[in-house]
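Summary of structural features
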Amino acid sequence: MIRQSLKKWAGKTYRAYRKWRSQNAGILCYVRSSDAIRVLLARRVGSSRNRFFSGGGRWGGSGGGVNAGESLWEAAIRETIEEFGDHPVLGRALQKFGGDVPMHWNAGFPLYHFEVFLLELEEMPGQWPTPHAADGHEWDRFGWFSLKELPRPLLPGLSSLERRLELLEAEK
């Protein structure tokens, strides 16, 4: 009797977890300059008391939830354009991949899946991100940072960003 109750409870809990578990994706854009790789980071607006969930005061890239019928890559592109605005340099970088997907990793944790895609731009775009992007209220500062200049604190899950940038710099 107890065993059946536990099985029933576990089944309901797992189904609820699968339904609740969020799928999120975002893009970190970077450029190769003559001296270093520079990555675009933005500081998230929000309560510093609830940094774990809101990311308030932490630095990261674009990102958000996956809509029904979207792949993680499609959601990452949409979120980047919504949050940072569109730019021809971004468009050319996305066209390069066509149906392929750039290097990515899961920067989330068990109940929070966040797929981060690294996207190389051919040049550092002027006037981008645009301060008037549709979701511009989510971020209060933007900047292009080298590995040696990365701001702190970073969003959870980006702890491996430094190592990934080191590997990209070594490819030069």
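Residues numbered from 1 in each chain as written. Predicted model: local features only at pLDDT ≥ 70, side-chain atom pairs only at ≥ 80, totals over all residues. Heavy atoms only, no water.

1. Digging into the environment of Gln 23
By the element assignment, Gln 23 lies in strand 1 (residues 22-32). On a C-alpha basis, the gap between Gln 23 and Tyr 112 in space is 6.9 Å, while along the polypeptide they are 89 residues apart. Ignoring sequence-local partners within four residues, the contact set of Gln 23 consists of Gly 64, Gly 65, Val 66, Leu 72 and His 113. (Helix = DSSP H or I, 4+ residues; strand = E, 2+ residues; numbered from the N terminus. Contact = heavy atoms within 4.5 Å.)

2. Some points on the pattern of salt bridges
Oppositely charged side chains are able to pair whenever their charged atoms sit close together. Tallied over the entire structure, the rule returns twelve salt bridges. In this structure, Arg 32 and Glu 171 form a salt bridge, with 3.2 Å as the shortest nitrogen-oxygen distance. Of the two residues, Arg 32 is situated in strand 1 and Glu 171 in the segment after helix 5 (161-170); the sequence distance between them amounts to 139 residues. A residue is classified by how much of its surface remains accessible, and Arg 32, at 31% relative accessible area, is partly exposed. Glu 149 is the partner of Arg 38 in a salt bridge, and the nearest nitrogen-oxygen pair spans 2.7 Å. Remark: Glu 149 occurs in the loop between strand 7 (139-146) and helix 5 and Arg 38 occurs in strand 2 (residues 37-44); sequence separation between them is 111 residues. Each of the salt bridges in this network shares a partner with another, and the network as a whole consists of Glu 70, Arg 78, Glu 79 and Glu 82. (Salt bridge = Lys/Arg side-chain N within 4 Å of Asp/Glu carboxyl O. Buried < 20%, exposed > 50% of the residue type's maximum accessible area, 1.4 Å probe, protein only.)

3. Describing the packing of aromatic side chains
The tally for this structure, following the rule as stated, stands at five aromatic pairs. Relative to Phe 117, the ring of Trp 73 lies with its centre 5.0 Å away and its plane at 50°, an arrangement referred to as tilted. Remark: Phe 117 occurs in strand 6 (residues 112-120) and Trp 73 occurs in helix 3 (residues 72-84); sequence separation between them is 44 residues. In terms of burial, Trp 73 and Phe 117 fall into one category: buried. Clustering of aromatic rings is evident, with ring pairs tying together Phe 84, Trp 128, Trp 139 and Phe 142. (Phe/Tyr/Trp six-rings, centres within 6.5 Å; stacked < 30°, edge-to-face > 60°.)

4. Regarding unusual backbone geometry
The linkage connecting Trp 128 with the following residue, Pro 129, adopts the cis geometry, with an omega of 5°. Note on placement: Pro 129 falls in the loop between strand 6 and strand 7. In this structure, the amide linkage connecting Arg 152 to the following residue, Pro 153, adopts the cis form with an omega of -10°. The residue Pro 153 is located in the loop between strand 7 and helix 5 in this model. Positive phi values are uncommon outside glycine, yet Gln 127 reaches one of about 55°.

5. Remarks on the pairing of strand 1
Counting buried residues along strand 1, eight of its eleven residues qualify, which places the element largely inside the surrounding structure. Pairing between strand 1 and strand 6: nine bridges, direction parallel. The residue bridging Cys 29 from the neighbouring strand is Leu 119, located in strand 6. Relative to strand 4 (residues 64-65), strand 1 is paired through two bridges, and the arrangement is antiparallel. Paired with Ala 25 across the two strands is Gly 64, which belongs to strand 4. Here strand 1 runs beside strand 2; their pairing, made up of three bridges, is antiparallel. Its bridge partner being in strand 2, Val 31 is matched across the sheet by Arg 38. Between strand 1 and the antiparallel strand that follows it, strand 2, lie four residues. (Pairing = 2+ DSSP bridges.)

Function cannot be read off these values alone, since they describe shape.
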